[in-house]
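A closer look at the structure
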Amino acid sequence: SAHALPLAPAPAHAVAPLVLPAASGVDSSRVASRLAAISKKSLDSTAWAVYTSGGKKVVAKDTAIIPASTTKILTAMAALDVLGADRTFTTKVVSARKGRLTLLGGGDPYLVSAKSSVPARKANLNDLVNATAKALAKDKVKSVRLTYSAPLFSGTSYSAAWKQSWSSYTPRIMSLTVNGGMAGSSAYSNPARSTATMFASKLRAKGFKVTFDGAASAPKGAKTVAKVVSATLGTQVRRMLRYSDNVAAENYARLVARATGRSPSFAGGSSAIAAWLQEKKLWVSGMRIDGGSGLSSNTKVRPSVLARAVALALKDGTYRDVKLGLPVAGVNGTLQYRFNDPSEKAGRKVVHAKTGSLKKVNALAGYLTTADGTVLTFAFGATHDGKRSTAAGNWLDRSATTLVTCACG
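Everything numeric here is computed off the predicted structure, so don't read it as measured data.

Each value, and the rule that gives it
- Residues numbered from 1 in each chain as written.
- Predicted model: local features only at pLDDT ≥ 70, side-chain atom pairs only at ≥ 80, totals over all residues.
- Heavy atoms only, no water.
- Helix = DSSP H or I, 4+ residues; strand = E, 2+ residues; numbered from the N terminus.
- Rg over C-alpha atoms; globule rule 2.2 N^0.38 Å.
- Buried < 20%, exposed > 50% of the residue type's maximum accessible area, 1.4 Å probe, protein only.
- Disulfide = S-S within 2.5 Å.
- 1 Å grid on protein atoms, 1.4 Å probe; cavity = no way out; pocket = protein on both sides within 12 Å on 5 of 7 lines; lining within 4 Å.
- Points joined across faces, edges and corners; volume = space filled by probe spheres on them.
- Nonpolar A, V, L, I, M, F, W, Y, C, P; charged D, E, K, R; others polar.
- Contact = heavy atoms within 4.5 Å.
- Polar contact = N/O pair within 3.5 Å; in protein donor to acceptor, adjacent residues only side chain to side chain.
- Pairing = 2+ DSSP bridges.
- Axes fitted to C-alpha atoms, helices over the stretch in contact; angles between N-to-C directions.
- Patch = residues over 30% accessible without salt bridge, like charges linked within 9 Å, V, L, I, M, F, W, Y side chains within 5 Å.
- Areas by Shrake-Rupley, 256 points an atom, 1.4 Å probe, with all protein chains shown as cover.
- Salt bridge = Lys/Arg side-chain N within 4 Å of Asp/Glu carboxyl O.
- Lys, Arg positive; Asp, Glu negative; His and termini not counted.
- Charge placed at Lys NZ, Arg CZ, Asp CG, Glu CD.
- Arc of directions from axis to C-beta.

A word on the overall build of the protein chain
Broken down by element type, the protein chain carries 11 helices and 12 strands. Here the C-alpha atoms of the protein chain give a radius of gyration of 23 Å, agreeing with the 22 Å that 2.2 N^0.38 yields for 409 residues. Taking the principal axes of its C-alpha atoms as reference, the protein chain extends roughly 85 × 35 × 35 Å. Counting across all 409 residues of the protein chain, residues that qualify as buried make up 55%.

Okay, here's the thing in structure tokens:
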């Protein structure tokens, strides 16, 4: 509906155009008046959509918003649909000549330096080095020349839409990357090279002489010397959503682009996600996708699209890991310390949602169960002057909580 809900409580006739047929089982005028009663003080604009879990609209003030990291819901769904939840990514060491090794990236965003208890971080360099050392010893090789190759992605590794001021702590996107492209709180300037130098130093620690020759294409006819295989995409997606992992999201966008015959770049990934939305009838004219993570302020999505996407994730098993990966209010991930005021307490453990925050934008999209047991999906977005993210967060959390406490059937 093009009808924008008034910003303050209003007479019933103002929301009448949004009332659904009784068959939907949700009293949309009650939902609308509850949302209208939540204070929007200090906020420049707000937009929202509430849908039933079956995908029917309850209410919507449906102006396109900068979705920030709620974009990751769409990226995750496209990846699960196109690549499959069982998809894994292999990091290899290959060789075409004795004593010559190439470390070959396979697009695993969760490759880590050492063993981890985190299920998504299954593949690690220590295991890869150990397997390589074993193969070299078997061939009686004590000295190697090492190159690396990260051939899966193209284009720039740092988006033109990302602020330059973020560059010291925002990782580049490459198909060979360790520890999320970070050394502590600093981003590697070239994750593939840093991964390879780390691999080289670990191999030296095993007693091998390693000459590092930098980047080179994997030689033709190279055989696999050693490999480590990632956790499944489904397992990774849960972590990506729970902790809002930008590197994983941008990786998946490029992998979807590759799988659909597009350039595996920022532009190709954006185009692939937009095409997936169109295919699922989730595209509305005037929207724009710019990257898979939500870091770009050029992305514009309608709240209704996010709410409908979540409804699709709830009813179609293809997207099971989206449903399971969304942070839970007051429990885990990016919502662990949210819903922390008395007026938001009822939302704790009941609201499952992806957060989004950029300097002047905050968003929340997910699903919840109301007081009478109705499952609703929702998306809320707020803009402000850049100093009001607490006010925006409170509006988001209170809006979700007022749905939780509503007997709106």
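What to know about the state of the cysteines
Tallying each qualifying case throughout the model produces one disulfide. A sulfur-sulfur separation of 1.4 Å characterises the disulfide bridge that pairs Cys406 with Cys408. Judged by the sign of its S-S torsion, about 95°, the cystine formed by Cys406 and Cys408 is right-handed. This pair shows no difference in class: Cys406 is buried, exactly as Cys408 is.

Examining the layout of surface pockets
Regions of empty space are outlined by a rolling probe, equal in size to a water molecule, passed over the atoms. The computed volume of the largest pocket comes to approximately 300 Å³. As for the largest pocket, its lining consists of 22 residues, and the residues nearest its centre are Arg338, Thr355, Gly356, Ser357 and Asn362. Examining the composition of the lining of the largest pocket, we find that six residues originate from one element, helix H11 (residues 389-404), more than from any other. Its residues assigned to classes, the lining of the largest pocket comprises six nonpolar, 13 polar and three charged.

Notes on unusual backbone geometry
Phi angles above zero are rare outside glycine, and Phe339 is one such case at about 55°. Classification of Phe339 by relative accessible area gives buried; the value is 1%. The phi torsion at Lys349 lies on the positive side, around 70°, for a residue other than glycine. Judged by its relative accessible area of 65%, Lys349 falls in the exposed class.

Points about the environment of Arg145
Tracing the sequence through the fold places Arg145 in strand S5 (residues 143-149). Judged by its relative accessible area of 35%, Arg145 is partly exposed. As for Arg145 and Leu376, which are separated by 231 residues in sequence, their C-alpha atoms are 58 Å apart. Aside from chain neighbours lying at most four places away, what touches Arg145 is Gly99, Arg100, Leu101, Thr211 and Asp213. A distance of 2.8 Å separates polar atoms of two side chains, one belonging to Arg145 and the other to Asp213.

Some thoughts on the sheet that holds strand S11 (residues 361-369)
Spatially, the five strands line up as an open sheet ordered S2-S1-S12-S11-S10, and their pairing is antiparallel. Taken across any chain shown, the strands that pair with only one partner, and hence form the sheet edges, are strand S2 (57-61) and strand S10 (352-358). Recorded for the sheet is a direction-independent mean angle of 10° between the axes of neighbouring strands. Strand contacts of helix H2 (residues 28-36): strand S1 (45-52), S2 and strand S12 (375-383), with the helix running at about 35° to S2, the strand carrying the most contacts.

Side note on a positive patch on the surface
On the surface, a cluster of positive charge is contributed by Lys41, Lys163, Lys359, Lys360, Lys387 and Arg388. Checked against the element boundaries, Arg388 lands in the loop between S12 and H11. Relative accessible area serves as the criterion here: at 38%, Arg388 is assigned to the partly exposed category.

Comments concerning the pairing of S11
Of all nine residues making up S11, eight are buried, and the element is well covered by its neighbours. By the bridge criterion, seven bridges tie S10 to S11 in an arrangement that is antiparallel. For Leu358, the partnering residue across the bridge sits in S11 and is Val361. Joining the antiparallel neighbours S10 and S11 is a turn of two residues. By the bridge criterion, nine bridges tie S11 to S12 in an arrangement that is antiparallel. Considered in S12, the bridge of Val361 is made with Thr383. Between S11 and S12, which follow one another and run antiparallel, lie five residues, and Gly373 among them has a positive phi close to 85°.

A closer look at H2
Those residues of H2 that fall on the buried side of the exposure criterion are Ser28, Val31, Ala32, Leu35 and Ala36. For H2, the angular spread of the buried residues around the axis is 130°, confining them to a single face.

With respect to the sheet that holds strand S4 (residues 100-104)
Strand order in the open sheet formed by five strands is S8-S5-S4-S3-S9, with mixed pairing between adjacent strands. A single partner strand is all that each edge strand has here, and the edge strands are strand S8 (209-215) and strand S9 (223-229). The sheet shows a mean angle of 20° between the axes of neighbouring strands, taken without regard to direction. In the sheet, strand S3 (residues 90-97) pairs with S9 via six bridges, with the strands oriented antiparallel. Across the sheet, the residue bridging to Thr90 is Val229, located in S9. Strands in contact with helix H4 (residues 125-138) are S3, S4, S5 and S9; relative to S9, the strand with the most contacts, it is inclined by about 155°. Sitting on the sheet, helix H5 (residues 191-204) is in contact with S3, S4, S5 and S8, with an inclination near 170° to S8.

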